[in-house]
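Working through the structure, step by step
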Amino acid sequence: MIKVGIIGSTGYAGAELVRLIVGHPQAEIVWYGSHSYKGESYADIYQNMFEIVDAKCMGEDMDRLADAVDVIFTATPQGLCSSLVDEDVLNKVKVIDLSADFRIKDVETYEKWYGIEHKSPQFIDEAVYGLCEINREDIKGARLIANPGCYTTCSILSIYPLLKEGLIDPLSIIVDAKSGTSGAGRGSKVANLFCEVNENIKAYGVTTHRHTPEIEEQLSYAAGKSVILNFTPHLVPMQRGILVTAYANLLKEISYKEVKAAYDKYYKNEKFIRVLNEDVNPETRWVEGSNYVDINFKIDERTNRIVMMGALDNLVKGAAGQAVQNMNLVFGLDEDMGLEQVPMFP
């Protein structure tokens, strides 16, 4: 059994990690780390774990944790993982970081967009961007994995094949994205109160959202040239889900079959990416609670643009599920182990 430690186990992404790993046949959690609830029973914090998890929350001592487990998940705010990880830790355990600390390869870009100093830039080049369907082979041998963000996972996977095949203009991309409120975390914030969110939709982080450079960097690798795009996220009154609608100029006249062939080239054998039937648009309700991403597209012949759409559960494929997928790859397990949950409905 793989011994698992989670730092940040009482946040939404951390709790989703607990839910998934409790049901994993080859992994067990031996350390439920929490800054806010240290010493408290985990099942008292999340009552859904009553008589399932019989453990108390522990602290964030990375050195002690590294001696006790095989893999550490850090589901924590930006800056914490980079302040805790060091060479000694990485020589003992695998680290899968769900924050943004190691996602962006340029330190100055990270510090500009996140407004904090990076505490361990010496590990940035080594860290592997954990988008499994794209970086699978590199992930297998990694000590440190940067688990992608929820908006970024949905955006990149929706657009990636068309950039790889040179079908769209990399400087024409616009990403319009919408997220449920769990994406903002479990912390108490006025903007996330029920009365503030209910019966409302709003754009936020317009031109400044932190996922922008992450999306641009990864899509630039796909395009083989610099990608600069507009990314606008929106908060919608639901608990879970990401819906991305992205737009780009086509570089030539193209048919539905040609675009579908591009998606199939990269995703046909990917269990967790479902390219939908023609004229079926992705919806968040059809992926909720699962590690699936639903993708489709529509060619607008009138404007010579293409609309690329994707939907995923921000806490599963957008966070914890992808982290477990990364763990499976690192330890040589079947990639879908512990992640075969059918989407919930209603």
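What you see is a predicted model, and the numbers here were worked out from it, not measured in a lab.

Rules behind the numbers
- Residues numbered from 1 in each chain as written.
- Predicted model: local features only at pLDDT ≥ 70, side-chain atom pairs only at ≥ 80, totals over all residues.
- Heavy atoms only, no water.
- Axes fitted to C-alpha atoms, helices over the stretch in contact; angles between N-to-C directions.
- Helix = DSSP H or I, 4+ residues; strand = E, 2+ residues; numbered from the N terminus.
- Left-handed = near helix turned anticlockwise from the far one by under 90°.
- Contact = heavy atoms within 4.5 Å.
- Buried < 20%, exposed > 50% of the residue type's maximum accessible area, 1.4 Å probe, protein only.
- Polar contact = N/O pair within 3.5 Å; in protein donor to acceptor, adjacent residues only side chain to side chain.
- Pairing = 2+ DSSP bridges.
- Disulfide = S-S within 2.5 Å.
- Salt bridge = Lys/Arg side-chain N within 4 Å of Asp/Glu carboxyl O.

So, the packing of helix 7 (residues 132-140) against helix 12 (residues 316-330)
Axis separation between helix 7 and helix 12 bottoms out at 9 Å; the angle between their running directions is 40°. Viewed along their axes, helix 7 and helix 12 form a crossing whose handedness is right-handed. The segment helix 7 lies against helix 12, with C132, E133, R136, I139 and K140 engaging K317, Q322, Q325, N326, L329 and V330.

Quick word on the side chain of N135
Among the structural elements, N135 can be located in helix 7. The buried category is assigned to N135, whose relative accessible area is 17%. Here the side chain of N135 touches Y129 through a polar contact of 2.8 Å, landing on its backbone oxygen. Look past the residues within four positions of N135 in its chain and what remains in contact with it is V128, Y129 and Q218.

A look at the pairing of strand 12 (residues 293-300)
With three bridges joining them, strand 11 (residues 273-275) and strand 12 adopt parallel strand pairing. Following the sheet pairing, I273 is matched in strand 12 by V293. Note that strand 12 and strand 13 (residues 305-312) share eight bridges and pair antiparallel. Counted as the bridge partner of K298 is V307 from strand 13.

Details of helix 7
Of all the residues in helix 7, the buried ones are C132, E133, N135, R136 and I139. Lining the buried residues of helix 7 we find strand 5 (128-129), strand 6 (144-146), helix 8 (150-164), helix 10 (211-223), strand 11 and helix 12.

Quick notes on the state of the cysteines
Overall, the coordinates contain zero disulfides when judged by the stated rule. Free of any disulfide, C81 has its nearest cysteine sulfur in C132, 17 Å distant. Just so you know, C150 is unpaired, no disulfide at all, and the nearest cysteine sulfur is the one on C154, 9.0 Å from it. For C150, a relative accessible area of 12% gives the class buried.

Notes on the pattern of salt bridges
Scanning all chains against the criterion turns up 21 salt bridges. The partner of K271 in a salt bridge is D336, and the shortest N-O contact between them spans 2.8 Å. In this pair, K271 is assigned in the loop between helix 11 (256-267) and strand 11 and D336 in the segment after helix 12, connecting sequence segments 65 residues apart. Residue K271 is classed as partly exposed on the basis of its relative accessible area, which comes to 35%. Through salt bridges with shared partners, a single network forms among E16, R19, R240 and D313.

Purely geometric numbers; function is a separate question.
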